[in-house]
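Architecture and fold: a report
The primary structure of each chain is shown beneath.
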Amino acid sequence: MSKTFEKLKPYLDKAMALQTARSLFEWDTQTLAPFGAADNTSKVNGILSDEYMKSLINDDVRQLLKKLQEEQEQAELTDLEKAIVKELAKSYEQLESIPPEEYKEYNELTSISSRKWAKAKKDNSYSDFAPYLQKIIDFKKKFASYRVKDGKTPYEVLLGDYEECFMIKDLDAFFDKFKAEIIPLVKEVYKKTDTIDKSYNSLNYDIEKQKEFCKYLSGYLGFDFNRGVIAESEHPFTLQLHNHDVRITGRYLENNLESSIFSAIHETGHALYEMNIDDSLTQTPVGTGASMGMHESQSRFFENLIGRSYDFWEPIYEKLVEAFPENLQNIPLEKFIKGINKVSPCLIRTEADELSYCIHIIIRYEIEKMIFNNEVTVDDLPKVWNQKYQDYLGIAPTNDSEGILQDIHWSFGEFGYFPSYAIGTAVASQIYEYMKEKMPVSEYLRQGNITPIREFLRDNIHKYGATKNTNEILKDLCGEEFKPDYYINYLKEKYSRLYEL
Ligand code: ZN
């Protein structure tokens, strides 16, 4: 280990410990903390966040980092140390570019604005939220402008925070192709949506039995209960303290069986990624997934490509029927598979089917781009939103709660985040195509043998943590960088077959 890196290590360890404590509080807030805890606990969180910032942003670390970036020092670093220095430099650039007083003001704003958003959504009143959204956008434009370089636009700076491999030209190419090929298909399928009946899904399903089955599913996929736990929360999510402590949550609805099943599979996909990160990387700045997009590729790989396939359910469907015989004993596997792949018109992104999901993302991407190119005012956003839904999906919201107000992201200032969902979904298809060339995936699934699939992902993706970016992973694994065609072709083939087009 280089002498300079050795000096840096205690600072990294302290920052990691503080971050772990913050994560644990976040987990607790979302799962078990009593409702009344919020105000007092937020004081604790404030102090921890402050200490975290100070542990990283200070003169000592700044000097060490500068030294480590010099050529001579670089020659002495191991690959892992180099990756850590690179990752640290990225967070430094992000955190240091914003003057502390503006950062504080912005944090105060977003803690209020997310509450204002929740209330405005409940009251279906966009005008109550619009002034806050305006302020958030102004801040984000200013923050992005501090970091604009190498010919990037402010929106590209924000996109890069979630997925560094994709610039606007890449996303435009992906989304234009997707729109041209998939929008006509969605409209065709919408005409035949009634041909699939899945009324069985909205019968009454005992919550405890759902929990039990979902736990079984997570374990079946490889979730390690010695290094992970499952709890409940309003919105399912995954959180890791390190690779030996990975936590997921589920949400259970009495009249919607699919909802809990597919969230369980989705979050297990995220969890497997974190559990499989190499021991040498965990608790370092590169000890997590490569990017938001890469993470989402792993959850969606299991949720859609594996979890909605006939082969996956063949060995375990019987177990589901046994859990709910009163609802499912007359539903053959073929009918269940059609049900879980049914496409129907939907205005809400989180409830969208696999075929139209990406169109919801494209709409948000196009609107964000307009916002940051100063092509639309905050007052005009609902109109633009509704028009895009009409144009692309042929359906339009009748109120703002099911339109412009439906997602929480903007109220936290998360602009540039949405495309990672689409990138991840497309990456999953690319990996799947390649995996099928390398091993008999269908056969393994039908045998109930998930291990080779999980090990393939571990050895080619998971174990590297954030030491490689999305395109580097894809190139090493598939021999080529990101290519959306696999995803587009997969959707076309699957849904033309399913709806006999
Ligand atoms: Zn996810």
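These remarks concern the structure in this document. The model shown is predicted, which means the values in this text are computed figures rather than measured ones. (Residues numbered from 1 in each chain as written. Predicted model: local features only at pLDDT ≥ 70, side-chain atom pairs only at ≥ 80, totals over all residues. Heavy atoms only, no water.)

Points about the overall build of the protein
Helices and strands together make up the secondary structure of the protein, namely 23 helices and three strands. In summary, the protein has a C-alpha radius of gyration of 23 Å against a globular reference of 23 Å for 501 residues, a match within 12%. Seen through its C-alpha atoms, the protein measures out along the principal axes to roughly 70 × 50 × 50 Å. The buried share among the 501 residues of the protein stands at 52%. In the protein, of all internal contacts separated by at least 6 residues, the share reaching a separation of at least 24 is 74%. For the protein, the exposed area adds up to about 23,000 Å²; of that, 48% sits on carbon and sulfur atoms. (Helix = DSSP H or I, 4+ residues; strand = E, 2+ residues; numbered from the N terminus. Rg over C-alpha atoms; globule rule 2.2 N^0.38 Å. Buried < 20%, exposed > 50% of the residue type's maximum accessible area, 1.4 Å probe, protein only. Contact = heavy atoms within 4.5 Å. Areas by Shrake-Rupley, 256 points an atom, 1.4 Å probe, with all protein chains shown as cover.)

Considering the environment of serine 344
Turning to its location among the elements, serine 344 is positioned in the loop between helix H16 (333–340) and helix H17 (357–372). The sequence separation of serine 344 and leucine 12 amounts to 332 residues, and the corresponding C-alpha distance is 49 Å. Those residues within four positions of serine 344 in sequence are excluded, and the remaining contacts are Tyr190, Thr193 and Asp353.

Brief notes about the nonpolar core
Phe178, Phe301, Phe312, Trp313, Leu320, Leu328 and Phe336 are the most contacted members of the largest nonpolar core, which totals 125 residues. Among the domains, domain 1 (3–147) and domain 2 (168–498) are the pair contributing at least three residues each to this core. Of all hydrophobic cores here, the second largest spans 23 residues; its members include Ala15, Leu48, Ile84 and Val286. (Core = buried A, V, L, I, M, F, W, Y, C linked by side-chain atoms within 4.5 Å. Domains from an automatic or database assignment.)

Here we look at the coordination of the zinc ion
Protein-derived coordination of the zinc ion comes from His266 (NE2), His270 (NE2), Glu296 (OE) and Glu296 (OE), at a distance range of 2.1 to 2.7 Å. What the four donor atoms of the zinc ion show is an angle range of 49 to 124° at the metal, which sorts the shape as irregular. Here the donor residues of the zinc ion share one chain and are spaced in sequence as H-x3-H-x25-E. Placement of both histidine 266 and histidine 270 in helix H11 (residues 257–275) is noted, with a separation of four residues, approximately one turn of the helix. Each member of the pair, histidine 266 as well as histidine 270, is classed as buried. (Donors = N, O, S within 2.8 Å, 3.2 Å for Na, K, Ca; no water. Tetrahedral: all angles 85-135°; square planar, octahedral: opposite > 155°, others 65-115°.)

Some remarks on the pattern of salt bridges
All chains considered together, the criterion is met by 40 salt bridges. The salt bridge involving aspartate 172 is made with lysine 369; its shortest N-O contact spans 2.8 Å. Placement of aspartate 172 in helix H9 (residues 168–191) and of lysine 369 in helix H17 is noted, with a sequence separation of 197 residues between them. Accessibility expressed as a relative area gives 22% for aspartate 172, which makes it partly exposed. As a salt-bridge pair, lysine 191 and glutamate 188 come within 3.0 Å of each other at their nearest N and O atoms. Highlighted residues: lysine 191 and glutamate 188, both in helix H9, separated by three residues, approximately one helical turn. (Salt bridge = Lys/Arg side-chain N within 4 Å of Asp/Glu carboxyl O.)

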